[in-house]
Amino acid sequence: MARLKLFSIFDTLRNSNHANNDLLPSSNAIRQNLVNTNLDGTTPCNPLVKLLRRFMSGPKIDGGSRTEAEEKVYSWLYALAQTQRDMAFEYVRSTERGLSFNEAERRLRENGPNVPLEYTFPSWWHFLWTAFFHPFNMILIFFSALSFITSDSLNGCIMLILVLIISVCLRFYMEYSSSKAAMKLSEFVKCPVKVQRCAGRVIQTELIVQVDQRDIVPGDIIIFEPGDLFPGDVRLLSSKHLVVSQSSLTGESWTAEKSADIREDQSTPLLELKNICFMGTNVVSGSGTGLVVSTGSKTYMSTMFSNIGKQKPPDGFEKGVRRISFVLICVMLIVATIITLVAYFTSDKASESIIFGISVACALTPQMFPLIVNTSLAKGALAMARDRCVVKSLTAIRNMGSMDILCIDKTGTLTMDRAILVNHLDSWGIPKEKVLHFAFLNSYYKTDQKYPLDDAILAYVYTNGYKFQASKWKKIHEIPFDFIRRKVSVIMETELKSFQFHGRFMVTKGALEEVIKVCSFVEHIDTGSLITLSSEEQLRILNLGEQVSNGGLRCLGVAVKRLQTKNINLSMDSEETVESDMVFLGLITFYDPPKDSAKQALWRLAEKGVTAKVLTGDSLSLAIKICQEVGIRTTHVTTGPDLELLDQDSFHETVKRTTVMARLTPTQKLRVVQSLQIVGRHVVGFLGDGINDTLALDAANVGISVDSGASVAKDFADIILLEKDLNVLVAGVEQGRLTFGNTMKYIKMSVVANIGVVLSLLVATIFLGNEPLTPKQLLVQNFLYSVGQIAIPWDKMEEDYVKTPQIWSEKGLPMFILWNSPTLIIHLIRTEKIPFIQEVASWPVLCSTLVISAIGIAIPFTVIGHFMGFTNLPLTFFGFLVLLFLGYFTVGQVIKRIYILVYKKWL
């Protein structure tokens, strides 16, 4: 069962992946183990997950008083937990065959989509409200009101136009358009849930269908397996070795065993109910079916957090922008007051001085600030969509541009994620058909969950003409694979009258070291008789596996055990007993070839200043082999067990210099990412597609997954690649830096322009003894300049700029202002090269410049110009204007070169 992260109910339930006490960390333990510092909002991720985790370290969720809505949820879930399994259908008016399609559609219309209201797309009026109530807009409205009070209705109208047409309307149009585009993009990320429905009017037939999680309704019967997430609160109907992670709700890493064959009582804490699974929790291992009893805003998770703010903490860029915004507002208020007083003392006209001060304050207000920033991000999201990327968080685009380390899991990113069976060896490294035969039977009858290695075994047998007569065997029982056991066992029997194949057998296949642990015997190399598997023999077999891994192959161990022919009803405890004293048969080896495009993509990323680090759960030798083939340096490598032995300082130092880390648990992947962020002060991206990558995806500044990845991994990702190609990621990095650069252009232009206007007006007012511009003229100038900047998001960036990661510098912007406030021109600011000679702006910026300049020159000769108080200029003035422009241009370019020499960067 998957879920739609961008707009889904689980938009922030980034839980841990599969888990047990060794695999998954306690959130508190991780924070204490790593560093005693919070990430301070630097990890953009799923807002609700962030929200949940902010409150997880405090008191237990179900402590304290409850609201009326919470009491209803508690009573409802306890009633279902205490009732018999078969009676649960009565509570939700369903049947053990499932809902009919017509009834499901009716309930969907009645209950609405399975998405909490707080996470649906905002309506148009929400965007309009947000666009209107911005600090700068409020200031303009305030000044407009003052203008009307002082009988300067023209200035008041101009300011209202700036607010309603330029700032509000354009921002509303762009954000609402990008929201609709994002809604269309979300259609790429379908999150299917296996649901049992019934069809037919006279004779009803049970059907298993795939239903999007947003279309799940109370009364649906769902089928789940490892990696799935529950799309609602569920009463279990059947369960098989079911283990669930509830860390998204509890904040604790411990997994919980669940069982359908239990009736709970009122004394059991809600989150410890064994027959209830909650929305947003995920299946670690096992499988089963469940009855959906609550969806959407009526679930436990949605009710518990319905009154908590949903905005995640701002990242470094957002905090910097917010800080600069309020500094500008403070400067505006102070300087406007000073200019008003100076104008009054020089002219002795109070009303005109106030009006002029208001106009100055308006000129200092960067009206296009929200519009430009949001337009740049929205444009970046749409551009990445054309490159087959689904962007779930707009801020992730900026972070892509700032990313300087990319952590990747080997499988499916560096390799083709398509296993090919290479050989089937006995314990002595000799090819033997018997090993392949039993491995084939295990994969053939395994039903809990198919993996690519099973497909590779089946494909190898079918394409090479082996006749293993699977139809002559009958499956009796299965002990499923999970990430704790790392093996799967199938019990089967046959009536074949062969000495080797007669009776009942248990066949186990899995990680070599795990299979060896349950083996006590091995076949002799010459006689084929069984001998005891001594510690020397175990070491020899493990060395054989290491040799295989060193050759770039992956291997699985295969073991078998003959059982007594009798009825078997295994519990979890007896399974461990049966799965012992087995005979080790041999190894199956596989090869996952590297992608042809991986080496080129990694080289392109390195050119752009992004260092690749491989974080994988595979063996070190296998990881090294793959990394060498794709060009990743393997001078410094380590493993998860080695990292566990290090103290904190040594751990951080090792992570800093190591490029390949193998045999990592999900917890260790998380610690590595956090170490790079907090201690190394890097902007970290993590690319993973497996269940075991979710913790790291959650922690990374940019979590990246692929459309074919596990549903839980896609949910935790900020960006989903619709193609498993690292070159797509390179394009995303370029787009992120383009977006970041254009945003910084506007910030620096607007800030420098506003400060420059302040200095010019202040000096002119003091030394000329009168106002250099009338309020109307000042507002018109500001209006034209603001409109001219709208094209900035469509500008291009120089090649040198996109070659290196770009981050917000709190010290850089103030120094830029001090150096460049006296000189400003758009084309000077937008590039570090010589404008029009070494670098030409994009055509939207050029057109914007020409149009606005033409309008500015033409206005004095029009009726509007006369009304605004402009004077017709003689032609000789334009000759002087050319000389003034050249001088202005030259001084600005000189200052720019000196600034670059001192600070080594421009934008």
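Conventions used here
- Residues numbered from 1 in each chain as written.
- Predicted model: local features only at pLDDT ≥ 70, side-chain atom pairs only at ≥ 80, totals over all residues.
- Heavy atoms only, no water.
- UniProt positions renumbered as here; feature names shortened; annotations may be inferred.
- Core = buried A, V, L, I, M, F, W, Y, C linked by side-chain atoms within 4.5 Å.
- Buried < 20%, exposed > 50% of the residue type's maximum accessible area, 1.4 Å probe, protein only.
- Axes fitted to C-alpha atoms, helices over the stretch in contact; angles between N-to-C directions.
- Helix = DSSP H or I, 4+ residues; strand = E, 2+ residues; numbered from the N terminus.
- Parallel < 35°, antiparallel > 145°, perpendicular 65-115°, else oblique.
- Contact = heavy atoms within 4.5 Å.
- Nonpolar A, V, L, I, M, F, W, Y, C, P; charged D, E, K, R; others polar.
- Pairing = 2+ DSSP bridges.
- Phe/Tyr/Trp six-rings, centres within 6.5 Å; stacked < 30°, edge-to-face > 60°.
- Lys NZ or Arg CZ within 6 Å of the ring centre and 35° of its normal.
- Salt bridge = Lys/Arg side-chain N within 4 Å of Asp/Glu carboxyl O.
- Expected span 1.5 Å × (residues − 1).

- Under an unreviewed UniProt entry, the name given to the chain is Magnesium-transporting ATPase, P-type 1, and the organism recorded is Acer negundo.
- According to UniProt, the comment filed for the chain under the heading Sequence similarities (unreviewed entry) is "Belongs to the cation transport ATPase (P-type) (TC 3.A.3) family. Type IIIB subfamily."
- One UniProt comment on the chain, placed under Function (unreviewed entry), says "Mediates magnesium influx to the cytosol."

### Digging into the nonpolar core
Line of reasoning, step 1. Met400, Leu406, Leu414 and Ile632 are the most contacted members of the largest nonpolar core, which totals 38 residues.
Line of reasoning, step 2. Among the nonpolar cores identified, the runner-up in size contains 28 residues, and Tyr445, Ala456, Trp473 and Phe505 belong to it.

### Some thoughts on the packing of helix α23 (residues 648-657) against helix α24 (residues 666-678)
Line of reasoning, step 1. Packing of α23 against α24 leaves a shortest axis separation of 10 Å and a crossing angle of 85°. The angle between α23 and α24 falls in the class roughly perpendicular. Facing α23, whose interface residues are Phe651, His652 and Val655, α24 presents Arg671, Val672, Ser675 and Leu676.
Line of reasoning, step 2. Within the contact of α23 with α24, the residues separate by chemical class into four nonpolar, two polar and one charged.

### Here's the deal with the sheet that holds strand β24 (residues 719-721)
Line of reasoning, step 1. The strand order across the open sheet built from eight strands is β9-β24-β23-β22-β10-β19-β21-β20, with neighbouring strands paired in mixed fashion. With partners counted over all chains shown, the strands left at the sheet margins are β9 (389-391) and β20 (637-639), one partner each. Across the sheet, the axes of successive neighbouring strands diverge by a mean angle of 20°, strand direction being ignored.
Line of reasoning, step 2. Relative to strand β21 (residues 660-662), β20 is paired through three bridges, and the arrangement is parallel. Among the inter-strand pairings, Thr638 is bridged to a residue of β21, identified as Met661.

### Topic: the pairing of strand β14 (residues 503-511)
Line of reasoning, step 1. With respect to burial, β14 is a largely interior element, nine of its nine residues being buried.
Line of reasoning, step 2. Bridging between strand β13 (residues 487-494) and β14 involves eight bridges; their strand directions are antiparallel. Opposite Met492, over in β14, you have Phe505 as the bridge partner.
Line of reasoning, step 3. Of the pairings in the sheet, the one linking β14 to strand β17 (residues 554-563) comprises eight bridges and is antiparallel in character. Of the residues in β17, the one forming a bridge with Arg504 is Leu563.

### Some points on the side chain of His424
Line of reasoning, step 1. Within the secondary structure, His424 sits in strand β11 (residues 420-426).
Line of reasoning, step 2. The buried category is assigned to His424, whose relative accessible area is 7%.
Line of reasoning, step 3. Discounting residues that sit within four places of it in the chain, His424 has contacts with Ile430, Pro431, Lys432, Glu433, Leu436, Tyr460, Tyr466, Leu587 and Ile588.

### Points about the UniProt feature "transmembrane region" (unreviewed entry) in the chain
Line of reasoning, step 1. Per the UniProt record, "transmembrane region" (unreviewed entry) is annotated on residues 127-147, 153-174, 326-347, 353-378, 751-769, 812-829, 841-863 and 875-895.
Line of reasoning, step 2. Taken end to end, residues 326-347 comprises 100% helix and 0% strand; its first and last C-alpha atoms sit 31 Å apart.

### Section: the packing of aromatic side chains
Line of reasoning, step 1. Tallied over the entire structure, the rule returns 14 aromatic pairs.
Line of reasoning, step 2. Between Phe440 and Phe468, the ring centres sit 5.6 Å apart and the planes meet at 50°, which makes this aromatic pair tilted. Placement of the pair is Phe440 in helix α15 (residues 433-445) and Phe468 in the loop between α16 (452-463) and β12 (473-479), with a sequence separation of 28 residues.
Line of reasoning, step 3. Accessibility expressed as a relative area gives 5% for Phe468, which makes it buried.
Line of reasoning, step 4. In textbook terms, an aromatic cluster arises when at least three aromatic residues are bridged by ring pairs, as seen for Phe440, Tyr444, Tyr445, Tyr460, Tyr462, Tyr466 and Phe468.
Line of reasoning, step 5. The ring centre of Trp428 lies 3.5 Å from the NZ or CZ of Arg540, which sits over that ring.

### Observations regarding unusual backbone geometry
Line of reasoning, step 1. For Arg93, which is not glycine, the phi dihedral falls at a positive 55°.
Line of reasoning, step 2. Within the secondary structure layout, Arg93 lies in the loop between α4 (88-91) and β1 (99-100).
Line of reasoning, step 3. One non-glycine residue, Arg663, lies in positive phi territory at about 55°.
Line of reasoning, step 4. Considering the arrangement of structural elements, one finds Arg663 in the loop between β21 and α24.
Line of reasoning, step 5. Given the relative accessible area of 45%, Arg663 is considered partly exposed.

### Description of the pattern of salt bridges
Line of reasoning, step 1. The tally for this structure, following the rule as stated, stands at 20 salt bridges.
Line of reasoning, step 2. Here Asp261 makes a salt bridge to Arg85, at a shortest N to O gap of 2.8 Å. Of this pair, Asp261 sits in the loop between β6 (255-258) and β7 (276-277) while Arg85 sits in the loop between α3 (68-82) and α4, and the two are 176 residues apart along the sequence.
Line of reasoning, step 3. On the basis of relative accessible area, Asp261 is assigned to the exposed category, the value being 59%.
Line of reasoning, step 4. The partly exposed category is assigned to Arg85, whose relative accessible area is 32%.

### Quick word on α16
In an α-helix there are 3.6 residues to a turn, and that puts residues three or four apart on one side.
Line of reasoning, step 1. A rise of 1.5 Å per residue sets the reference length of α16, with its twelve residues, at 16 Å; its end C-alpha atoms lie 16 Å apart and thus fit the reference within 8%.
Line of reasoning, step 2. Every buried residue belonging to α16 is among Leu453, Asp454, Ala456, Ile457, Leu458, Tyr460 and Val461, and all of these are buried.
Line of reasoning, step 3. In this structure, the buried residues of α16 make contact with β11, α15, β14, β17 and β18 (582-591).
Line of reasoning, step 4. Immediately downstream of α16, the backbone of Gly465 shows phi near 80°, a positive value.

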